[in-house]
Amino acid sequence: MDYIEYKGYKGSVEYSKADNCLCGKVLGMSKDLIAYEGNTINELLQDFRDGVDSYISGCKADGIEPKRPYSG
């Protein structure tokens, strides 16, 4: 499987036939979910980066440390 990476987070790259778009989720997150989608690879990459940045910002706003996905 191919994956994308940003700020240490790895995400899947999949095609949804039902929605006719690219989609994915950050890998290795046990309790939190960061999902993203796009009609082009550039849209997918931007939504992935925005999702990771939003997750990190939200954690910091709540005064908690963002969880780092496991690597393996």
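Check the entry above for the structure.
Residues numbered from 1 in each chain as written. Predicted model: local features only at pLDDT ≥ 70, side-chain atom pairs only at ≥ 80, totals over all residues. Heavy atoms only, no water.

*Asks:* Can you walk me through the sheet that holds strand S3 (residues 14-16) in this structure?
*Replies:* Hydrogen bonding along the main chain pairs the strands of a sheet, whether they run parallel or antiparallel. Ordered by their spatial adjacency, 3 strands build an open sheet running S3-S4-S5, and the pairing between neighbours is antiparallel. A strand with exactly one partner marks an edge of an open sheet, and here the two such strands are S3 and strand S5 (35-38). Sheet twist, expressed as the mean angle between neighbouring strand axes with direction ignored, is 35°. Sheet analysis places S3 next to strand S4 (residues 21-25), joined by 3 bridges and oriented antiparallel. Counted as the bridge partner of tyrosine 15 is leucine 22 from S4. Here helix H1 (residues 41-61) sits on the sheet in contact with S4 and S5, set at roughly 155° to S5. (Pairing = 2+ DSSP bridges. Helix = DSSP H or I, 4+ residues; strand = E, 2+ residues; numbered from the N terminus. Axes fitted to C-alpha atoms, helices over the stretch in contact; angles between N-to-C directions. Contact = heavy atoms within 4.5 Å.)

*Asks:* Mind showing me how you'd approach the state of the cysteines here?
*Replies:* Should the sulfur atoms of two cysteines be covalently bonded, the bond is a disulfide. In total, this model carries 0 disulfides according to the counting rule given. Cysteine 23 takes part in no disulfide bond, and the closest cysteine sulfur, belonging to cysteine 21, lies 5.4 Å away. (Disulfide = S-S within 2.5 Å.)

*Asks:* What exactly am I supposed to notice about the side chain of serine 12 here?
*Replies:* In this fold, serine 12 is placed in strand S2 (residues 9-12). For serine 12, a relative accessible area of 1% gives the class buried. (Buried < 20%, exposed > 50% of the residue type's maximum accessible area, 1.4 Å probe, protein only.)

*Asks:* How should the nonpolar core be read in this particular structure?
*Replies:* The tendency in soluble globular proteins is for nonpolar side chains to be buried as a group. The biggest cluster of nonpolar side chains holds 13 residues, and the ones touching the most others in it are Tyr9, Val26, Met29, Tyr36, Phe48, Val52 and Tyr55. Considering every element that reaches this core, the biggest residue donor is H1, with 7 residues. Sequence-distant contacts of tyrosine 55, defined by excluding residues within four places in its chain, comprise Tyr9, Met29, Asp32, Ile34, Pro66 and Lys67. (Core = buried A, V, L, I, M, F, W, Y, C linked by side-chain atoms within 4.5 Å.)

*Asks:* Whenever I open this one, the packing of aromatic side chains confuses me. Can you help?
*Replies:* Aromatic ring pairs are reported here in terms of the distance separating the ring centres and the angle at which the planes meet. Following the criterion strictly, the structure yields 3 aromatic pairs and no others. Pairing tyrosine 6 with phenylalanine 48 gives two aromatic rings, centres 6.4 Å apart and planes at 65°, and the pair type is edge-to-face. Placement of tyrosine 6 in strand S1 (residues 3-6) and of phenylalanine 48 in helix H1 is noted, with a sequence separation of 42 residues between them. The interplanar angle of 65° and the centroid separation of 5.0 Å between the aromatic rings of tyrosine 36 and phenylalanine 48 together place this pair among those described as edge-to-face. Of the two residues, tyrosine 36 sits in strand S5 while phenylalanine 48 sits in helix H1, which places them 12 residues apart along the sequence. Both residues of the pair, tyrosine 36 and phenylalanine 48, belong to the buried class. Cluster of aromatic residues (ring-pair linked, three or more members): Tyr6, Tyr36 and Phe48. (Phe/Tyr/Trp six-rings, centres within 6.5 Å; stacked < 30°, edge-to-face > 60°.)

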